[in-house]
Amino acid sequence: MTSTRWIEYLCFLAIVVALALPVGLYLARVAQRRRTFLDPLLRPIESVLYRLLGVRPQEEMTAGVYIACFLLFGAGCAILLFLLLIFQRALSGGPADGYLTTSMTPDLAANTAVSFTTTTTWQAYAGENTLRYLTQVFGLVAQNFLAGAAGLAAGFAFIRGIARERSATIGNFWVDLIRSLLWVLLPLTLVGSLLLVWQGVPLNMAPYTFVHTIEGGTQIIAQGPVATLEFIKNLGTNGGGFFNANGAHPYANPTPFTNFLGMLAIAVLPASLMITFGYMTHRPRAGWTLLLVMIALFMVGLIVCDWAESQPPPQLAGLHIIGGNMEGKEVRFGVGESVLTAIVTSNTSTGSYNSMHDSFQPLGVLPPLVFMLLGEVVFGGLGAGVYSIVMAALVGVFLGGLMVGRTPEYLGKKIGSSETRWIALYALLTPMVVLVLTGIAVVASAGRAGLVTNTGPHGFTEILFAYASCMANNGQAMAGLNANSVFYNITTMIAMLAGRFGLAALALALAGRFAAQRRLPTTVGTLPSDTPTFGGLVFGTIVLVGALCFFPALALGPIVEFLRH
Amino acid sequence: MRDSSEPARRTVSSVFPEAPRAQLSAQLRPAILCTLVLTLLTGCVFPLLLFAIGRPLFPRQAGGSLLTRGEAVIGSELIGQQFFRPEYFQSRPSAAGNGYDGTSSGGTNLGPNNPKLRDGAADFPGIRQLAEDYRQRNGLASDALIPIDAVTRSGSGLDPDITPENAALQVPRVARARGMNEDEVWLLVATHTQEPQFGFLGNPRVSVLELNLALDGAP
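Keep in mind that this is a model prediction, so the values were computed, not measured. (Residues numbered from 1 in each chain as written. Chains lettered and ligands numbered in written order. Predicted model: local features only at pLDDT ≥ 70, side-chain atom pairs only at ≥ 80, totals over all residues.)

Turning our eyes to something else, we now look at the overall build of chain B. Across its full length, chain B holds seven helices and six strands. Listing every helix and strand of chain B by position from the N terminus yields α-α-β-β-α-α-β-β-α-α-β-β-α. At 28 Å, chain B has a C-alpha radius of gyration far larger than the 17 Å of a compact globule built from 219 residues. In terms of overall dimensions, chain B has a C-alpha envelope of 90 × 55 × 40 Å along the principal axes. For chain B, the share of sequence-separated contacts (at least 6 apart) that also reach a separation of at least 24 residues comes to 48%. (Helix = DSSP H or I, 4+ residues; strand = E, 2+ residues; numbered from the N terminus. Rg over C-alpha atoms; globule rule 2.2 N^0.38 Å. Contact = placed C-beta atoms within 7 Å.)

For chain A, the helix and strand inventory stands at 18 helices and five strands. In terms of C-alpha radius of gyration, chain A reaches 23 Å, essentially the compact-globule figure of 24 Å for 565 residues. Overall size of chain A, expressed as C-alpha extent along the three principal axes, is 80 × 60 × 45 Å. Scored against the burial criterion, the 565 residues of chain A give a buried share of 64%. (Buried ≥ 20, exposed ≤ 12 C-beta atoms within 10 Å, placed from the backbone.)

The subject of this paragraph is the pairing of strand β2 (residues 218-221) of chain A. Residues and elements named next belong to chain A. Residue alternation in β2 divides its side chains into a buried set, Q219 and I221, and an unburied set, T218 and I220. Bridge count for strand β1 (residues 209-212) against β2 is four bridges, and the pairing is antiparallel. Looking across to β2, one finds that T209 is bridged to I221. (Pairing = 2+ DSSP bridges.)

Our focus in this paragraph is the environment of F70 of chain A. Residue and element names in this part refer to chain A. Checked against the element boundaries, F70 lands in helix α3 (residues 63-86). Taking the number of C-beta atoms within 10 Å as the measure of exposure, F70 has 25 and is therefore buried. Expressed as a C-alpha distance, the spacing of F70 and V137, which sit 67 residues apart in the sequence, is 23 Å. Not counting residues within four places of it along the chain, the set of residues in contact with F70 comprises A150, A154, F173 and A504.

Attention now moves to the confidence of the model for chain B. In this model, chain B carries a mean pLDDT of 90, and residues with pLDDT of at least 70 account for 91%. If you check the scores for this complex, the pTM reads 0.94 and the ipTM reads 0.94. (pLDDT = per-residue confidence, 0-100.)

This next bit is on the domain arrangement of chain B. Here the domain parsing of chain B yields domain 1 (23-60) and domain 2 (66-217). Using C-alpha coordinates to define each centre, domain 1 of chain B is positioned 42 Å away from domain 2 of chain B. (Domains from an automatic or database assignment.)

This paragraph deals with unusual backbone geometry. Between G94 of chain A and the following residue, P95 of chain A, the backbone shows a cis peptide bond with an omega angle of -10°. Position of P95 of chain A among the secondary structure elements: in the loop between α3 and α4 (106-117). The residue R166 of chain A is not glycine, and still its phi comes out positive at about 50°. With respect to the helices, strands and loops of the structure, R166 of chain A is situated in the loop between α5 (133-163) and α6 (173-199). With a phi close to 50°, S65 of chain B is a non-glycine residue in the positive phi region. Here S65 of chain B is to be found in the loop between α2 (59-62) and β1 (66-69).

Structurally, A68 of chain A is set in helix α3. The exposure class of A68 of chain A is partly exposed, given the 19 C-beta atoms found within 10 Å. Once the C-alpha coordinates of A68 of chain A and A505 of chain A are considered, the two residues, 437 residues apart in sequence, prove to be 8.8 Å apart. In contact with A68 of chain A, other than residues within four places in its own chain, are L24 and Q27 of chain B.

We now examine the pairing of strand β2 (residues 72-76) of chain B. All names here are of chain B. Across four bridges, β1 lies against β2 in antiparallel orientation. Bridge assignment links L67 to a residue of β2, and that residue is G75. Between β1 and β2, which pair antiparallel one after the other, the connecting turn spans two residues, and G70 there sits at a positive phi close to 65°.

Our next topic: α6 of chain A. Residues and elements named next belong to chain A. Here α6 spans 37 Å end to end across 27 residues, near enough to the 39 Å set by a 1.5 Å rise per residue. Along α6, the largest kink reaches about 40° and is centred on L181. Of all 27 residues making up α6, 20 are buried, and the element is well covered by its neighbours. Phi for G200, located one or two positions after α6, is positive at around 125°. (Expected span 1.5 Å × (residues − 1). Bend = angle between axes of the 7 residues up to and from the residue.)

The partner chain B presents 105 residues to the 116 residues of chain A that form the contact. Looking at which element gives the most residues to the side of chain A that touches chain B, the answer is α6 of chain A, with nine residues.

Moving on, we come to the packing of α3 of chain A against α4 of chain A. Residue and element names in this part refer to chain A. Interaxial distance between α3 and α4 falls to 8 Å at its minimum, and their mutual angle equals 140°. As summarised for this structure, α3 and α4 are arranged oblique, according to the angle between their axes. The way α3 lies across α4 gives a crossing that is right-handed. Along the contact surface, α3 presents G74, C77, A78, L81, F82, L85 and I86, while α4 presents P106, A109, A110, T112, A113, V114, F116 and T117. Here the contact of α3 with α4 is built from residues that sort into twelve nonpolar, three polar and no charged. (Axes fitted to C-alpha atoms, helices over the stretch in contact; angles between N-to-C directions. Parallel < 35°, antiparallel > 145°, perpendicular 65-115°, else oblique. Left-handed = near helix turned anticlockwise from the far one by under 90°. Nonpolar A, V, L, I, M, F, W, Y, C, P; charged D, E, K, R; others polar.)

Residues and elements named next belong to chain A. Its 16 residues give helix α16 (residues 456-471) an end-to-end C-alpha distance of 23 Å, which sits within 8% of 22 Å, the value for a rise of 1.5 Å per residue. Most of α16 sits inside the fold, with 15 of its 16 residues counted as buried. Looking one or two residues past α16, N473 carries a phi angle of roughly 55°, positive in sign.

Turning next to the sheet that holds strand β5 (residues 193-194) of chain B. Overall, antiparallel pairing links the three strands, which are arranged β4-β6-β5 (chain B) in an open sheet. Looking along the sheet, the strands with just one partner apiece sit at the ends: β4 (161-162) and β5 of chain B.

The next point concerns the packing of α5 of chain A against helix α17 (residues 486-516) of chain A. Residue and element names in this part refer to chain A. It is the contact of α5 with α17, at a shortest axis distance of 7 Å, that shows an interaxial angle of 30°. The pairing of α5 with α17 is recorded here as roughly parallel in orientation. When you trace α5 past α17, the crossing you get is left-handed. Of α17, the residues touching α5 (which contributes A154, A157, F158, R160, G161 and I162) are A504, A507, L508, A511, G512, F514 and A515. A per-class count over the contact of α5 with α17 returns ten nonpolar, two polar and one charged.

All right, on to the nonpolar core then. It is characteristic of soluble globular proteins that their nonpolar side chains tend to be buried jointly. Counting 208 residues, the largest nonpolar core has Y66, M294, Y467, A468, A507, L508 and A511 of chain A as its most contacted members. No other element matches α5 of chain A, which puts 20 residues into this core. Residues lining this core come from more than one domain, with at least three contributed by each of domain 1 (23-60) and domain 2 (66-217) of chain B. When neighbours within four sequence positions are excluded, A507 of chain A is seen to be in contact with F158, Y387, M391 and Y426 of chain A. Counting 15 residues, the second-largest nonpolar core is a separate cluster that includes L117, A131, Y134 and A150 of chain B. (Core = buried A, V, L, I, M, F, W, Y, C linked by C-beta atoms within 7 Å.)

Laid out in structure tokens, this is it:
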């Protein structure tokens with residue numbers, strides 16, 4: 001059993017690495033507006049869209065204007081989605097009103113609107129008893145595309161900032177957005193969604209099915225245009241599912257193959273962006289180095305989580321039960337695909353879990369939680385992953401520079417005092433937001449009121465997990481926490497906004513500064529950025545800074561739960 | 001020092017400073033139009049395209065893989081059902097509504113160290129109770145080993161599958177209740193066991209509803 005799980009894990013990583021080079025080079029062509037094989041079909045659509053939308057594609061933006069466009073677009077999408085959610089009862093079509101038992105309060109609508117426009121897709125509701133089919137398609141499917149494409153655009157702009165020299169600009173947001181949609185997300189999603197339908201994911205607008213079971217009982221089965229959402233939720237690194245159980249639901253994720261495909265959809269683009277990064281900055285080996293750091297971190301998380309979940313649960317000792325922890329897991333995925341999915345989704349700000357993390361062992365839930373707290377440096381969100389890992393590398397460069405007493409530089413860009421300020425702010429934002437909000441929630445009675453399923457250290461972990469997830473724009477939950485309250489809807493919304501727009505603005509502002517610099521020549525005194533030593537430095541920095549920020553909080557949650565039992 | 005040695009690699013970006021600069025005040029119009037038009041493109045055009053291609057290609061799957069007997073829908077291939085009678089194989093315990101509620105997917109979300117998970121509560125049988133029930137129903141000794149999927153609730157509450165080990169322990173009971181030869185039941189279990197997909201994805205599994213339908217169809 002162990003060997004079959006590891007065959008699957010290693011196949012997954014092998015495919016991701018094998019695809020990274022071709023896909024990374026393709027993404028670079030998209031970013032640099034060079035010719036691709038899709039041009040005959042897409043160029044005409046692109047130019048029509050530019051004319052229709054009033055976009056002047058030849059114009060370039062400064063970092064400030066780029067950030068403003070990123071914010072404006074996010075705000076526009078959030079407002080549109082908010083209005084749609086508030087007035088969704090007026091939409092025709094299924095499901096019937098009787099099934100919509102969760103009311104769309106203004107705080108839940110605002111939380112959901114922000115959640116889907118920040119790629120978080122934190123869901124404080126259950127899809128099958130809250131939303132109309134048309135809300136899911138016109139609201140959520142659209143936002144899965146748009147927020148994903150906006151993230152990819154920001155990633156492109158960040159790479160340009162490091163690639164350029166003596167440039168006042170870092171690209172055009174609207175061009176990046178539209179090209180990401182047309183050349184990357186839409187075509188891949190069309191193919192991927194059809195594969196999902198082939199495997200059994202429903203694609204209908206039918207009312208919920210009334211079933212006479214073969215024992216003479218009745219069962220009502222939720223239906224819907226599930227396939228429109230289930231592929232782009234992964235490809236756009238969003239993760240919010242059509243149904244409450246998300247990727248565990250047999251309609252959302254009917255076979256091991258759909259699950260594996262979904263994991264590839266999540267990881268391949270962010271991994272490939274490291275190759276895009278290396279290629280566009282003319283330092284391909286630097287891109288591979290960062291990708292290998294990601295894979296090393298990934299393996300550590302996978303080994304810990306796999307070990308914790310494949311043991312027979314110690315809590316059930318003496319009951320004569322055999323097998324790994326299957327509470328909250330599906331038989332078709334078993335421990336293997338559940339663990340792989342937990343690690344992939346927690347790493348990539350996607351959150352399309354296929355097993356209930358609340359029922360994971362303390363050491364099983366630790367890797368997903370840590371990966372979110374580290375700021376999604378492994379693969380990371382679509383586009384956002386590039387600046388997550390590069391920012392971590394910059395902290396490493398800075399620390400390394402302090403140790404050897406040289407002015408730190410990365411890929412020929414000098415890290416002076418003002419650059420250091422942006423980097424430090426970026427590195428501190430996640431711990432500040434997550435720890436402060438967790439502290440408030442633990443102290444406030446409204447926060448503790450959410451602990452309706454579990455208490456003690458496990459309850460604390462649920463709260464920490466919720467804010468880590470929202471700050472990382474991940475969206476997965478330890479779902480025992482009852483998060484549909486005014487308190488959680490507002491506080492998680494703050495974390496989502498900070499995690500999306502706060503971090504992107506800081507990263508792009510830094511990219512603007514780098515673009516304006518000239519590139520320093522490589523000398524014998526330059527710290528090489530493409531050696532195993534540098535990889536080790538980045539790895540060590542991520543682990544060390546993460547531990548310094550979060551060890552006390554983790555000790556109160558999963559670690560004490562593990563030690564106490 | 002560094003002014004004297006120009007970097008060997010001049011980047012392509014030296015053309016960009018001459019490109020026209022976008023003004024902030026001119027971005028409001030594209031922001032509003034992009035929000036509306038791109039929402040239409042991805043929220044209307046894309047789904048319509050997918051419906052237009054996907055439904056004719058895969059009509060059964062698009063409709064939810066429903067199984068019918070005569071006029072009536074008797075279930076979906078993909079969604080688990082609850083079985084109580086001894087002549088049917090039984091699905092895993094479920095936390096969806098009152099059990100296999102297709103409108104209320106979800107798991108228990110109980111932490112592994114939550115005493116309720118092992119020992120249960122007033123209206124909630126814990127794993128200890130579920131294991132006792134399982135052994136009693138299938139006539140097993142009180143210390144017989146049972147596979148964990150038989151006594152744990154799935155993430156969706158709609159898990160259609162059980163492990164082959166779980167099915168195996170139910171075979172004698174089902175055969176007895178049906179007055180069938182055990183070997184015939186074994187054969188049906190074997191033919192309804194799905195191996196890992198493409199040889200390496202997932203675990204072997206038995207779809208309970210399909211197996212029970214096959215039992216009903218057996219002579």
